[in-house]
Amino acid sequence: MRNGSVQHRPFFKVLVANRGEIALRVMRSARRLGLGVVAVYSDADRDALHVRQADRAVRIGEALPAQSYLNIPAIIAAAKASGADAVHPGYGFLAENEEFAQACKDADLVFIGPSPQAIEAMGNKAGAKEIMKKAGVPIVPGYQGADQSDEVMLAEARKIGFPVMIKAVAGGGGRGMRLVTDAATFPDALRSARSEAKAAFGDPTVILERAIQNPRHIEIQVFGDSHGNAIHLGERDCSVQRRHQKLIEEAPSPAVTPELRAKMGEVAVAAVKALRYEGAGTLEFLLDESGEFYFMEMNTRLQVEHPVTEAITGLDLVELQLRVARGEPLPVKQQDIKFSGHAIEVRLCSEDAAHDFMPQSGRIARWQVPEGIRVEHALESGSEIPPFYDSMIAKVISHGATREEARGRLIRGLEQLTAFGVTTNQAFLMSCLRHPGFARGEATTAFIGSHRDELLAPGRDGAFNPALAGLLLYVTNPHAPSWRDGRSLAATFPLPARIEIAGQAYELEVTRERDGSYTIANARQDRFEIDQLDSDAIRFRHDGVMDNARFLRDGDRLYLAHRGVPLAVTDLTLAAPKAAAANGGDGKVRAAMNGRVVAVLVKPGDRVAAGQPVMTLEAMKMEHVHKAGIDGVIAAIDVTEGEQVTTGKIVAEIEAG
């Protein structure tokens with residue numbers, strides 16, 4: 001462990017060593033305490049909202065995290081140049097890096113977090129499990145040995161028994177993590193986990209754990225101070241996950257009784273005191289179906305999902321971090337902690353849930369948040385979503401007297417949120433919240449995997465939405481007769497239209513009737529009467545029901561949100577037919593998203609089969625394997641490892657045969 005302890009002294013200006021919504025979140029609490037705030041930014045974030053809202057902002061490097069938000073010397077230099085005397089790391093990037101905490105100490109900067117030695121002790125999953133085991137905390141059986149050879153790892157996996165979890169020893173956020181169900185797939189999963197861990201954390205070392213089947217993911221929020229005080233703020237249930245990354249978090253957990261809460265809290269506080277831990281931290285546990293819980297890891301930082309704890313306790317966790325870092329005692333004792341109602345948070349991510357949660361980057365054409373509900377974000381209409389960072393772009397948090405009230409408010413909030421221009425998981429989140437299993441509080445970590453087809457199924461408006469899109473494309477065309485003219489115009493001849501939604505083409509006929517209504521013919525006929533048409537919203541009647549939708553027309557693109565479900569529509573009426581098959585049927589492998597080439601798995605002359613992996617790209621901290629679309633021979637590799645590519649770029653070419 002490194003030498004040094006937490007520094008305590010007054011500070012007056014805080015540099016936030018992060019970006020996006022968490023940077024703004026930290027600034028908000030810091031300013032309320034009368035502190036100045038400094039932002040840092042990469043070239044990709046030059047015009048970002050967190051940069052413009054800070055008192056001062058300092059460039060720290062190029063777009064890739066390794067050249068900016070992970071560049072310790074650049075961040076320390078930025079703090080010195082801006083006159084900051086404290087650093088808040090947020091979460092992600094360097095938040096759990098003991099080298100960064102030590103560098104702040106060496107530079108005479110207050111690090112708003114635990115000591116370097118506490119971060120080091122808990123940051124290594126293998127070491128943390130040993131510490132917790134000695135402290136009497138139950139842990140999951142596994143292997144944390146120094147011998148990382150392929151042979152030993154496979155042998156240990158067999159000893160543990162499949163299924164097993166591979167986890168990056170320095171990891172978090174689901175990166176460097178793989179669930180392996182049998183010995184045959186273990187070697188490939190091990191290589192992939194190591195590659196992702198190396199790219200994300202600079203350390204390819206992994207551990208193995210027995211996979212607990214259908215557990216709950218429960219975490220306990222803890223705080224410690226320099227005066228020997230330690231408290232817990234109850235639990236959060238983070239079971240709804242994809243790719244081992246949380247999507248929905250709530251407090252309290254539907255599965256935790258007051259007795260179990262007291263037991264888990266007691267264990268967590270004992271661990272904090274044993275570590276002499278200062279600041280915010282979270283102990284994460286797996287809770288099995290019998291009520292037994294097992295320690296997974298400790299996060300030595302603020303969590304993404306901290307707002308749900310704030311909602312039910314009435315405490316500002318960032319403010320507590322700042323006060324503890326100044327050497328103040330915790331202002332509350334365990335007996336003072338009261339829990340009020342229920343809170344749920346969802347993570348809005350720029351990803352395509354229908355295509356294996358593929359990350360999406362690009363420009364947010366329109367961004368509007370609902371009133372009366374907490375939304376943590378750093379977006380505005382026109383904001384760019386770069387491909388270099390995490391796909392989470394916002395968090396939506398609801399609070400209610402009961403769980404059902406909180407769930408209803410959150411669904412309503414998502415229905416009212418507008419995010420046009422980049423594909424998000426907005427509709428998928430609403431499907432999760434509406435699912436009967438989630439509504440009953442029964443969701444485990446297997447929830448999305450078990451119900452994926454249901455959650456991705458088109459809603460009740462699946463057949464109606466193409467008709468509404470056809471109507472909007474027609475009435476927003478500058479050459480179309482005004483909808484206001486009512487009965488003053490004769491009926492029009494049916495006009496053919498061809499549109500595309502989510503890769504599916506629809507042939508429509510649009511007719512303006514003599515009475516001023518509109519008929520859209522597809523596989524069925526839909527009749528609309530327009531009550532109001534503004535530049536961004538429409539109110540209409542359909543089958544005797546008044547309804548409304550929000551939209552944005554951008555040339556031959558139409559963005560539409562109806563009942564909270566966003567759609568991106570392309571007008572193909574005047575477009576030439578598509579030529580090459582996007583699925584690689586023409587022998588060309590195309591980048592599925594903006595990303596960086598991290599592994600080229602074949603070379604020219606290699607024979608490949610359809611479905612065989614040929615290349616791995618990384619986008620928004622996740623790896624995505626690209627496969628051959630046909631049988632044949634690799635004719636060309638058009639990129640090199642480390643190269644940044646754009647969506648649709650040809651990365652490999654295959655000759656059939």
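In case you missed it, the structure is sitting above this.
K.L.:
What is the right way to look at the overall build of the chain in this model?
P.N.:
A tally of helices and strands in the chain yields 16 helices and 39 strands. Taking 657 residues into account, the globule formula puts the C-alpha radius of gyration at 26 Å, and the chain, at 26 Å, falls close to it. Overall size of the chain, expressed as C-alpha extent along the three principal axes, is 85 × 60 × 55 Å. Classification of the 657 residues of the chain by burial places 55% in the buried group.

K.L.:
Got a minute to help me understand the sheet that holds strand β35 (residues 613–619) in this structure?
P.N.:
Each strand in a sheet pairs with another by means of backbone hydrogen bonds, the pair being arranged parallel or else antiparallel. Judged by pairing direction, the sheet is antiparallel, and its 4 strands sit side by side in the order β36-β35-β33-β38 without closing on themselves. Single-partner strands in this sheet number two, and they are β36 (622–627) and β38 (644–645). As judged from the 6 bridges shared by β35 and β36, these two strands associate in the antiparallel manner. Each residue of the ladder has a partner; that of Ala619, found in β36, is Met622. Against the sheet, helix α8 (residues 186–201) makes contact with β33 (595–600), β35 and β36, and its axis sits at roughly 130° relative to β36, the strand it touches most.

K.L.:
Would you take a moment to explain the pairing of strand β39 (residues 650–656) for this structure?
P.N.:
Residues in a regular strand project their side chains so that they alternate between the two faces of the sheet. In terms of strand pairing, strand β32 (residues 588–590) meets β39 through 3 bridges, oriented antiparallel. Across the sheet, the residue bridging to Val589 is Ala652, located in β39. In the sheet, strand β37 (residues 632–637) pairs with β39 via 5 bridges, with the strands oriented antiparallel. Paired with Val633 across the bridge in β39 is Glu655.

K.L.:
In this structure, what is going on with the sheet that holds strand β20 (residues 374–377)? I would like to understand it.
P.N.:
The 8 strands lie next to each other as β14-β13-β10-β11-β12-β15-β22-β20, forming an open sheet whose pairing is antiparallel. Every other strand in the sheet has two partners, leaving β14 (293–299) and β20 as the edge strands with one partner each. Strand-to-strand twist in this sheet, taken as the mean axis angle between neighbours without regard to direction, amounts to 25°.

K.L.:
What is the right way to look at unusual backbone geometry in this model?
P.N.:
For residues that are not glycine, phi is negative in most cases, and the peptide bond is trans in most cases. Phe162 connects to Pro163 through a cis peptide bond whose omega is 5°. Topologically, Pro163 is positioned in the loop between α7 (150–160) and β7 (164–168). Residue Pro252 follows Ala251 across a cis peptide bond; omega there is -5°. Tracing the backbone through its elements, the reader meets Pro252 in the loop between β12 (245–251) and α9 (258–275). Non-glycine residue Asp108 carries a positive phi angle of around 65°.

K.L.:
What is the right way to look at the environment of Ile364 in this model?
P.N.:
Residue placement: Ile364 occurs in the loop between β18 (362–363) and β19 (366–368). The class for Ile364 is buried, based on a relative accessible area of 0%. In this structure, the C-alpha to C-alpha distance between Ile364 and Ser350, residues 14 residues apart in sequence, is 10.0 Å. Residues in contact with Ile364, not counting those within four places in the same chain, are Glu380, Ser381, Gly382, Ser383, Ile385, Phe420 and Val422.

K.L.:
Explanation requested: the pattern of salt bridges in the structure shown.
P.N.:
For the coordinates displayed, the defined rule picks out 49 salt bridges. Notably, a salt bridge pairs Glu96 with Arg301, separated by 2.8 Å at the nearest N-O pair. A residue pair is termed long-range when its members are at least 10 positions apart, and Glu96 in the loop between β4 (86–88) and α4 (98–106) and Arg301 in the loop between β14 and α10 (306–313) qualify at 205 residues. Classification of Glu96 as partly exposed rests on a relative accessible area of 28%. Note that Arg527 and Glu529 form a salt bridge whose closest N and O atoms lie 3.3 Å from each other.

K.L.:
Even after reading the chapter, I still don't get the nonpolar core, so can you show me in this structure?
P.N.:
Generally speaking, nonpolar side chains in soluble globular proteins are found buried as a group. One finds Phe11, Ile248, Trp367 and Leu433 to be the most contacted residues of the largest nonpolar core, which totals 72 residues. Leaving out residues up to four positions away in the same chain, Phe11 has contacts with Leu35, Asp85, Ala86, Val110, Ile112, Leu322, Ala325 and Arg326.

K.L.:
Just checking my understanding: could you explain helix α1 (residues 20–32) for this structure?
P.N.:
Side chains of residues three or four places apart in an α-helix project in the same direction, reflecting 3.6 residues per turn. If you check α1, its first and last C-alpha atoms are 19 Å apart, about what 13 residues at 1.5 Å a residue would give, namely 18 Å. Counting buried positions along α1 gives 10 out of 13 residues, so the element sits mostly inside the fold. If you check which residues of α1 are buried, you get Gly20, Glu21, Ile22, Ala23, Leu24, Arg25, Val26, Met27, Ser29 and Ala30. Backbone geometry just downstream of α1 places Gly34 in the positive-phi region, at approximately 85°.

K.L.:
Is there a simple way to explain α9 in this structure?
P.N.:
Between its first and last C-alpha, α9 extends 26 Å over 18 residues, near the 26 Å set by a 1.5 Å rise per residue. Residues of α9 that are buried include every one of Leu260, Arg261, Met264, Gly265, Val267, Ala268, Val269, Ala271 and Val272, and no others. Just past α9, the residue Arg276 takes up positive phi, approximately 50°.

K.L.:
It is not clear to me how the packing of α1 against helix α11 (residues 317–325) should be interpreted in this structure. Could you clarify?
P.N.:
The packing of two helices is summarised by the inter-axis angle and the distance between the axes. For the pair α1 and α11, the least separation of the axes is 9 Å and the interaxial angle reads 60°. Of the possible angle classes, the one that applies to α1 and α11 is oblique. As for how α1 packs across α11, the hand of that crossing is right-handed. Residues Arg25, Val26, Ser29, Ala30 and Arg32 of α1 lie in contact with α11, whose contacting residues are Leu317, Val318, Glu319 and Leu322. Residues of the contact of α1 with α11, tallied by class, amount to 5 nonpolar, 1 polar and 3 charged.

K.L.:
Teacher, can you tell me more about the packing of helix α13 (residues 426–434) against helix α15 (residues 447–456) here?
P.N.:
Relative orientation of the contacting elements α13 and α15 amounts to 110°, with a least axis distance of 10 Å. On the basis of the axis angle, α13 is roughly perpendicular to α15. For the pair α13 and α15, the crossing hand works out as right-handed. Contact with α13, carried on its side by Phe428, Ser431 and Cys432, involves Phe447, Ile448, Leu455 and Leu456 of α15 and no other residues of that element. When grouped by side-chain class, the residues that make up the contact of α13 with α15 number 6 nonpolar, 1 polar and no charged.

K.L.:
Got a minute to help me understand the side chain of His626 in this structure?
P.N.:
Counting through the fold element by element, His626 comes out in strand β36. Polar contacts involving the side chain of His626 include one to the main-chain amide nitrogen of Ala592, which spans 3.0 Å.

K.L.:
Can you help me understand the environment of Ala568 in this one?
P.N.:
Tracing the chain through its elements places Ala568 in strand β31 (residues 565–571). For Ala568, a relative accessible area of 30% corresponds to the partly exposed category. When the C-alpha positions of Ala568 and Pro329 are compared, they lie 52 Å apart, and in sequence the two are 239 residues distant. The residues touching Ala568, leaving out its near neighbours within four places in the chain, are Glu500, Ile501, Ala502, Arg557, Leu558 and Tyr559.

Rules and cut-offs
Residues numbered from 1 in each chain as written. Predicted model: local features only at pLDDT ≥ 70, side-chain atom pairs only at ≥ 80, totals over all residues. Heavy atoms only, no water. Helix = DSSP H or I, 4+ residues; strand = E, 2+ residues; numbered from the N terminus. Rg over C-alpha atoms; globule rule 2.2 N^0.38 Å. Buried < 20%, exposed > 50% of the residue type's maximum accessible area, 1.4 Å probe, protein only. Pairing = 2+ DSSP bridges. Contact = heavy atoms within 4.5 Å. Axes fitted to C-alpha atoms, helices over the stretch in contact; angles between N-to-C directions. Salt bridge = Lys/Arg side-chain N within 4 Å of Asp/Glu carboxyl O. Core = buried A, V, L, I, M, F, W, Y, C linked by side-chain atoms within 4.5 Å. Expected span 1.5 Å × (residues − 1). Parallel < 35°, antiparallel > 145°, perpendicular 65-115°, else oblique. Left-handed = near helix turned anticlockwise from the far one by under 90°. Nonpolar A, V, L, I, M, F, W, Y, C, P; charged D, E, K, R; others polar. Polar contact = N/O pair within 3.5 Å; in protein donor to acceptor, adjacent residues only side chain to side chain.

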